[in-house]
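Next come the chains, spelled out residue by residue.
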Amino acid sequence: MAEIIDGKAISAQIRNEIAAQTGEFKEKYGFVPGLAVIIVGNDPASCVYVRNKKRACDEVGFYSESYELPEETTQEELNSLIDRLNADEKIHGILVQLPLPKALNESEILLRINPNKDVDAFHPYNVGKIMIGNYSFLPCTPAGVMALLERSGIDVAGKRCVVIGRSNIVGKPMAMLLLHSNGTVTVCHSKTENIKEICREADILVASVGKAGFVTADMVKPGAVVIDVGINRNADGKLCGDVDFNQVEPIASYITPVPGGVGPMTITMLMKNTLTSAMLKATDNQS
Ligand code: NAP
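Because the structure is predicted, anything quoted here is derived from the model rather than measured. (Residues numbered from 1 in each chain as written. Predicted model: local features only at pLDDT ≥ 70, side-chain atom pairs only at ≥ 80, totals over all residues. Heavy atoms only, no water.)

**Q** I keep staring at the sheet that holds strand E7 (residues 204–207) and nothing clicks. Help me out?
**A** Sheet strands pair via backbone hydrogen bonds, and the direction of the pair is either parallel or antiparallel. Reading across from one edge, E1-E11-E8-E7-E5-E6 is the order of the 6 strands in this open sheet, with parallel pairing throughout. Where the open sheet ends on each side, the last strands, each with one partner, are strand E1 (3–4) and strand E6 (184–188). (Pairing = 2+ DSSP bridges. Helix = DSSP H or I, 4+ residues; strand = E, 2+ residues; numbered from the N terminus.)

This is the structure in structure tokens:
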């Protein structure tokens with residue numbers, strides 16, 4: 001039976017640490033970290049994420065602003081909001097909730113955010129810094145996975161790591177962080193041949209596919225650490241991950257549940273990045 005990695009508990013622990021650091025930061029510098037969250041349109045899932053981000057800011061003592069813009073918002077309007085927030089001294093992190101409506105150019109928007117305030121770490125400048133292992137911010141979900149491993153006492157060095165998925169948001173940066181921690185990393189995707197065999201070699205298996213029940217018991221080496229990034233709905237509409245939990249849990253050594261595994265860590269890492277950004281600003285240490 002696997003040990004369940006409790007993302008909720010670890011996340012709460014890290015948020016308490018961030019709240020304490022925010023208190024000390026305020027004492028020392030006389031201001032608090034500030035995060036601006038922008039959402040365009042009214043996708044229900046995105047609205048929930050934005051609300052949760054605002055709540056997390058309140059919890060750790062940050063200043064926050066949220067902008068709920070209509071679906072018809074133009075590129076120029078969004079650009080000028082970003083420009084204003086880039087110049088705003090109270091704001092240390094700017095997050096644009098993705099996906100944006102089709103009429104808007106996502107990469108232009110991401111490029112427009114000042115890299116020093118890019119707490120999602122999606123700006124090509126920050127992506128490049130992650131590649132060379134010299135970064136201020138890490139993308140929140142992969143950073144959350146690394147924090148879960150670290151706080152569960154799982155050492156990545158020398159381990160065979162397999163990441164399923166190669167998106168810019170999860171799979172690719174995940175592979176890079178595991179590599180920076182001295183894992184030996186393989187990335188699988190929809191064109192990978194013999195995926196089951198490759199996954200079965202993993203000491204640490206990270207699933208970020210977006211398909212319910214994708215990882216079955218025959219893809220997991222006994223004793224492997226299994227991290228489930230997926231957020232899906234099963235046939236009954238219930239939230240579930242990419243891993244068939246009931247099949248895999250008896251053979252893994254550690255496993256993250258869905259919900260309550262990687263999910264809660266993502267917003268926590270966003271808080272951490274915003275605090276880091278404010279610290280870099282306060283110490284005039286921005287790149
Ligand atoms: P994505 O952009 O759709 O990427 C999915 C990846 O899975 C792609 O690289 C794709 O390969 C690969 N894939 C799809 N079918 C496959 C198959 N049959 N065999 C092997 N690989 C396959 O998704 P994402 O944004 O990375 O997100 C992945 C999952 O994580 C989703 O469920 C998402 O909701 C969840 N997520 C969770 C959090 C969190 O906070 N926990 C945050 C972000 C995302 P190709 O590149 O070849 O198409």
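**Q** For this particular structure, what's the right way to read helix H2 (residues 44–60)?
**A** Every α-helix winds through 3.6 residues per turn, so residues three or four apart in the chain are directed the same way. The first and last C-alpha atoms of H2 sit 25 Å apart over 17 residues, in line with the 24 Å expected at 1.5 Å per residue. On its buried face, H2 sits against helix H1 (7–29), strand E2 (34–40), strand E3 (63–69), strand E4 (93–96) and helix H10 (263–282). Gly61 occupies a position one or two residues after H2 and carries a positive phi of about 90°. (Expected span 1.5 Å × (residues − 1). Contact = heavy atoms within 4.5 Å.)

**Q** So what exactly am I meant to see when it comes to the sheet that holds E2 here?
**A** Taken together, 3 strands build an open sheet; the order of strands is E3-E2-E4 and the sheet is parallel. Looking at the sheet topology across the chains shown, the edges are occupied by E3 and E4. For this sheet, the mean angle separating the axes of adjacent strands, direction not counted, is 15°. Pairing geometry for E2 and E4, over 4 bridges, is parallel. Directly across from Ala36, in E4, lies its bridge partner Ile94. Strand contacts of H2: E2, E3 and E4, with the helix running at about 170° to E2, the strand carrying the most contacts. Together, E2 and E4 form the strand contacts of H10, whose direction differs from that of E2 by roughly 130°. (Axes fitted to C-alpha atoms, helices over the stretch in contact; angles between N-to-C directions.)

**Q** Can you walk me through the site of the ligand in this structure?
**A** Neighbouring residues of the ligand: 21 residues in total, closest Arg166, Ser167, Ser190, Lys211 and Thr266. A distance of 3.4 Å is found between an oxygen atom of the ligand and a side-chain nitrogen or oxygen belonging to Asn232. Within the side chain of Thr266, one N or O atom sits 2.7 Å away from an oxygen atom of the ligand. Summarising the interface, the protein chains cover 70% of the accessible area of the ligand, which totals 920 Å² for the free molecule. Partitioning the shell around the ligand into residue classes produces 8 nonpolar, 11 polar and 2 charged. (Near = heavy atom within 4 Å. Polar contact = N/O pair within 3.5 Å; in protein donor to acceptor, adjacent residues only side chain to side chain. Areas by Shrake-Rupley, 256 points an atom, 1.4 Å probe, with all protein chains shown as cover. Nonpolar A, V, L, I, M, F, W, Y, C, P; charged D, E, K, R; others polar.)

**Q** Quick question: what am I supposed to make of the pattern of salt bridges here?
**A** Working definition: two side chains of opposite charge can pair if their charged atoms are close together. One pass over the full model with this rule turns up 8 salt bridges. When the shortest N-O distance is used, the salt bridge between Lys196 and Asp218 registers 3.0 Å. Of the two residues, Lys196 is situated in helix H8 (residues 195–200) and Asp218 in the loop between E7 and strand E8 (225–228); the sequence distance between them amounts to 22 residues. We note a salt bridge from Asp203 to Lys221, for which the minimum N-O separation is 2.7 Å. Of this pair, Asp203 sits in the loop between H8 and E7 while Lys221 sits in the loop between E7 and E8; the two residues are 18 residues apart in sequence, bridging distant segments of the chain. (Salt bridge = Lys/Arg side-chain N within 4 Å of Asp/Glu carboxyl O.)

**Q** What exactly am I supposed to notice about the side chain of Arg15 here?
**A** Structurally, Arg15 can be placed in helix H1. Among the polar contacts listed, one links the side chain of Arg15 to the side chain of Thr268, at a separation of 2.8 Å.

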